[in-house]
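Commentary on secondary and tertiary structure
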Amino acid sequence: MRRNLIGLRFHLGGVLIVMTDNKKVGFFSFLLKDKIVAKPGFNRWWVPPASISIHLCIGSVYAWSVFNPALTRELGVVVSTAGDWSLGSVVWIFSVAIVCLGLAAAVAGRWLEDVGPRCVGVTAAFLWGGGFLVGSLGIIYHQLWLVYFGYGVLGGCGLGLGYVSPVSTLIRWFPDRRGMATGMAIMGFGGGAMIGQQLKRYLLEKFSSTPEYLGTEESVKLLTEGGKRFIETAEGLKEVVIANAVEAASMPIPGEAGVYVVGTGDTGAAMAFVTLGIVYFVVMMLAAFSYRVPAVGWKPEGWTPPAADEQSKRMMTKNNVHINEAHKTPQFWQLWIVLCFNVSAGIGVIGVAKTMMTEIFGTTMPDIVTAGFAGFYVFMISAFNMVGRFIWASTSDYIGRKNTYHCFFVIGTLLYLSIPFTASAVSADPVITWLVLFYAATMIIFTMYGGGFATIPAYLADMFGTLHVGGIHGRLLTAWATAGVLGPFAITKLRAMSLNNAINDLAAKVDPARFTEKFGAPISDLQSLLDAKTVTISKLMEIAPAGTIDPTPSLYNTTMYAMAGLLIIAFFSNLFMKPVDEKHNVERTHPGFSG
């Protein structure tokens, strides 16, 4: 039978599905949009739980740092060995996943509009769950590229598809509460980090095992070859590591200080990856099959669209812009800047939040800001990030999207600028008031960081209509991919500059003779001592003149000023937002187009 192929061909599970004459045929056609149209009387509140479930699964990406310690001592288990991956080589796996999230969402945006949320959700389940399984093979066989490919590339693509799959569906089910609807789903992404953090810690502990213990360092005859430590056995040399009391006690099952055989224990990372891959796959599949889309022309019972003057006031269009036309409008790129700079500022702070808290207050209030206090601070970041997504997005239904982002940028700028003030104040006068102010400021910042993600889909629907909002949202998420690199890069570089400047300033105040006595080298060798990490701020403070203020709390001042600058740029991008010109509407650009 001859058919006029006018649509899309793609593979799912190796079976070809062809869209022909606006009809879908193939073994997996039950996944497509026209097969999941809700019947009359369907309760729309069944859709948000499915969306939240998928976002809870993929949101665990924000808890990636839990895996860093395990991956950097996969062979040594107790401590890292020469053959273990460095921290610098594993931290970028998270960035690769975020970049692939943005790229996948952008590329698959139009596909989402064609095939519907169930098909995209199922594909996301295969990619996200499968990415963990491929990553586990990389851990087992100690092939880092497999971890990057599995978790970073495949998993990242699954993140992108899973993130956008519910957006257009929820907006169509809740035209009366666009912000609240997307806020509910994207709130799950923030909550996924909270659950994922605890789940990953539990699994790492459950599947870990202590390596073979040989005894104290004094009781074992050690050999050194090529910088590595060995013991001689009947089978030949065996590589070992030496753990001090603190390192041995930090294992999931605390051990004794001494000598351990390399390759005989397990960090639990591989099996944690396998378990998470299976659990996430099952949950996401069940959620994807719960998706339904409303029939054409459906609207909530008793609801009438806002009057024309109200829609105009809130810049809510009645028209639609085609996905291939959206990026030709200035509004798309204004929103791209709004999202990119808001995320860059927030994601940079999230990445160093625990370290920043410790460095600003750990030296001035060591009895309060302990390791446990800093750990709970990270948990609260996830909580406020999650809650902010729902509260701000829901608020936008009443005050409008543009005004909501004005709040983000005006309040956010003031809060970012308050952090350097707090850091300087606590150095001179270490009272708990400054800690409370810092805590409150950063928590509000994190609510607005999450709120920016949750509000942007509704903002897009207001500007471009609901016809292709899911696909347009996917393309806008390239801003997130950019921010995932820009934010961490900027904050680490600026902190490094501040650190070097602080050490040079301190060294200039130190007596040269005391410097030479302390470090065994003259002050002229400062750079080589810095490169070897022999000289630090804390060690310089030990020999600094009386009354010298510790510069550690001020290391992030320049960074906070830069983040505030990004928000000011985003403020003006949002300030000049206007309705999309009618020449971009579907009726003008694609006459007769039905979607």
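Residue positions are counted from 1 within each chain, in the order its sequence is given. Local features are withheld for residues below a pLDDT of 70 in this predicted model, meaning they are given only at 70 or higher, and side-chain atom pairs are given and counted only at 80 or more; totals for whole chains, interfaces and linings count all residues. The side-chain figures draw on all heavy atoms in the structure; neither hydrogens nor water molecules are used.

1. Some remarks on the overall build of the protein
To qualify as a helix, a DSSP run of H or I must reach at least 4 residues; to qualify as a strand, a run of E must reach at least 2; elements of each kind are numbered from the N terminus. Looking only at helices and strands, the protein has 24 helices and eight strands in total. Here the C-alpha atoms of the protein give a radius of gyration of 27 Å, agreeing with the 25 Å that 2.2 N^0.38 yields for 595 residues. Overall size of the protein, expressed as C-alpha extent along the three principal axes, is 85 × 60 × 35 Å. Accessibility here uses a 1.4 Å probe with only protein chains present; expressed as a share of the type maximum, an area under 20% marks a residue as buried, one over 50% as exposed, and anything in between as partly exposed. Taken over 595 residues, the protein has a buried fraction of 53%. The contact rule is simple, with two residues in contact once any of their heavy atoms fall within 4.5 Å. Partitioning the intrachain contacts of the protein with sequence separation of at least 6 by distance along the chain shows that 79% fall at a separation of at least 24. Computing the positive centroid from 43 side-chain charges and the negative centroid from 37, the protein places the two 15 Å apart. Computation of the radius of gyration draws on C-alpha atoms, with the globule rule given as 2.2 Å multiplied by the number of residues to the power 0.38. Positive charges are assigned to Lys and Arg, negative charges to Asp and Glu, while His and the chain termini are left out of the count. Taken as the charge centre is NZ of Lys, CZ of Arg, CG of Asp or CD of Glu, depending on the residue.

2. A short note on the pattern of salt bridges
Should a side-chain nitrogen of Lys or Arg be within 4 Å of a carboxyl oxygen of Asp or Glu, the pair is scored as a salt bridge. For the coordinates displayed, the defined rule picks out five salt bridges. Asp 462 is the salt-bridge partner of Arg 178, the closest N and O atoms lying 2.8 Å from each other. Here Asp 462 lies in helix α17 (residues 432-464) and Arg 178 lies in helix α9 (residues 178-207), a separation of 284 residues in the sequence. You can call Asp 462 buried: its relative accessible area is 3%. Measuring nitrogen to oxygen at the nearest pair gives 2.9 Å for the salt bridge that ties Asp 397 to Arg 401. Its relative accessible area of 8% is what places Asp 397 among the buried residues.

3. What about the pairing of strand β8 (residues 258-261)?
Bridge analysis of strand β4 (residues 213-215) against β8 gives two bridges, and the strand direction is antiparallel. Across the sheet, the residue bridging to Gly 215 is Val 259, located in β8. DSSP bridges decide pairing: two strands pair if at least two such bridges lie between them. For strand β7 (residues 236-243) and β8, the ladder comprises four bridges, and the chain directions are antiparallel. Looking at β8, one finds that Val 241 is bridged to Tyr 260.

4. Observations regarding unusual backbone geometry
Unlike most non-glycine residues, Val 77 shows phi in positive territory, near 65°. As for its position among the elements, Val 77 is in the loop between α2 (68-71) and α3 (87-90). According to the relative accessible area criterion, Val 77 is buried, its value standing at 7%. Unlike most non-glycine residues, His 142 shows phi in positive territory, near 55°. For His 142, the location among the structural elements is in the loop between α6 (117-140) and α7 (144-164).

5. As for the pairing of β7
Strand direction decides the pairing type here: strand β6 (residues 228-233) and β7, joined by five bridges, are antiparallel. From the neighbouring strand, Glu 232 faces β7, where its bridge partner is Leu 237. Between β6 and the antiparallel strand that follows it, β7, lie two residues.

6. Here we look at the nonpolar core
Trp 128, Phe 361, Phe 464 and Trp 480 are the most contacted members of the largest nonpolar core, which totals 156 residues. For this core, the element with the highest residue contribution is α17, accounting for 18 residues. For our purposes a nonpolar core is just a set of buried Ala, Val, Leu, Ile, Met, Phe, Trp, Tyr and Cys residues, chained together by side-chain atoms within 4.5 Å. The next biggest cluster of nonpolar side chains, apart from the first, holds eight residues, and it includes Val 78, Val 79, Ala 243 and Ala 248.

7. Observations regarding the confidence of the model for the protein
Every residue gets a pLDDT, meaning the predictor's confidence in that residue, from 0 to 100. In this model, the protein carries an average pLDDT of 84, and 91% of its residues clear a pLDDT of 70 or more. Considering only residues more than four positions removed or in separate chains, one finds that residues 1-24, a stretch of pLDDT under 50, has 47 contacts.

8. A few points about the packing of aromatic side chains
Put simply, two rings from Phe, Tyr or Trp (the six-membered ring, in Trp's case) pair if the centres are within 6.5 Å, and we call them stacked under 30 degrees between planes, edge-to-face over 60, tilted for the rest. If you walk through the whole model with that rule in mind, you get 37 aromatic pairs. Between Trp 128 and Tyr 151, the aromatic rings sit 5.5 Å apart at their centres with planes inclined by 55°, giving tilted as the arrangement. Residue Trp 128 is found in helix α6, and its partner Tyr 151 is found in helix α7; the two are separated by 23 residues along the sequence. Each of the two residues, Trp 128 as well as Tyr 151, counts as buried. Aromatic side chains Trp 128 and Tyr 280 sit 6.3 Å apart centroid to centroid with 20° between the ring planes, which places their arrangement in the stacked category. Note that Trp 128 is positioned in helix α6 and Tyr 280 in helix α11 (residues 269-288), a separation of 152 residues in sequence. Since its relative accessible area comes to 5%, Tyr 280 is described here as buried.

9. A look at the sheet that holds β8
The strand order across the open sheet built from five strands is β4-β8-β7-β6-β5, with neighbouring strands paired in antiparallel fashion. Looking at which strands have only one partner, the edges of the open sheet turn out to be β4 and β5 (223-225). Each neighbouring strand pair of the sheet contributes to a mean axis angle of 45°, computed without reference to strand direction. Angular values range over 0 to 180 degrees, each being the angle between N-to-C directions of two axes fitted as lines to C-alpha atoms, with helices fitted over their stretch in contact.

10. A word on the side chain of Thr 442
With respect to the helices, strands and loops of the structure, Thr 442 is situated in helix α17. A relative accessible area of 1% places Thr 442 in the buried class. Two N or O atoms form a polar contact when they lie within 3.5 Å of each other; inside protein one atom must be a possible hydrogen donor and the other a possible acceptor, and for residues adjacent in sequence the pair counts only when both atoms belong to side chains. Among the polar contacts made by the side chain of Thr 442, one reaches the side chain of Tyr 377 at a distance of 3.0 Å. Excluding its chain neighbours within four sequence positions, the residues that come into contact with Thr 442 are Tyr 377 and Ile 419.

11. Brief notes about a nonpolar patch on the surface
A grouping of Leu 133, Ile 278, Val 282 and Leu 286 is seen on the molecular surface, where their side chains present a nonpolar patch of about 360 Å² in accessible area. Position of Ile 278 among the secondary structure elements: in helix α11. Within the patch definition used here, like charges are joined within 9 Å and nonpolar side chains (Val, Leu, Ile, Met, Phe, Trp, Tyr) within 5 Å, considering only residues with over 30% relative accessible area and no salt bridge. Per-residue and other accessible areas were derived by the Shrake-Rupley procedure at a 1.4 Å probe size, with only the shown protein chains allowed to occlude residues.

12. Quick word on the packing of helix α4 (residues 92-107) against helix α19 (residues 478-509)
One can describe the packing of α4 onto α19 by two numbers: an axis separation of 7 Å at closest approach and a directional angle of 165°. Judged by the inter-axis angle, α4 sits roughly antiparallel to α19. Our pair here, α4 against α19, has a crossing hand that is left-handed. Where α4 approaches α19, its residues Ser 95, Ile 98, Val 99, Leu 101, Gly 102 and Ala 106 are matched on the opposing element by Thr 478, Trp 480, Ala 481, Gly 484 and Val 485. By the convention adopted, Pro, Cys, Tyr, Trp, Phe, Met, Ile, Leu, Val and Ala count as nonpolar, Lys, Arg, Asp and Glu as charged, and the other residues, Gly among them, as polar. Its residues assigned to classes, the contact of α4 with α19 comprises seven nonpolar, four polar and no charged. Orientation labels follow simple angle bins: below 35 degrees gives roughly parallel, above 145 gives roughly antiparallel, 65 to 115 gives roughly perpendicular, and whatever is left gives oblique. Here a crossing is called left-handed whenever its near helix is offset anticlockwise from the far helix by less than a right angle, and right-handed whenever the offset is clockwise.

13. Notes on the packing of α19 against helix α23 (residues 557-575)
One can describe the packing of α19 onto α23 by two numbers: an axis separation of 8 Å at closest approach and a directional angle of 145°. Considering how the two elements wind past one another, α19 and α23 form a crossing that is right-handed. Where α19 abuts α23, its residues Ala 490, Ile 491, Leu 494, Arg 495 and Ser 498 lie against Thr 558, Thr 559, Met 560, Ala 562 and Met 563. Of the residues that constitute the contact of α19 with α23, the class distribution is six nonpolar, three polar and one charged.

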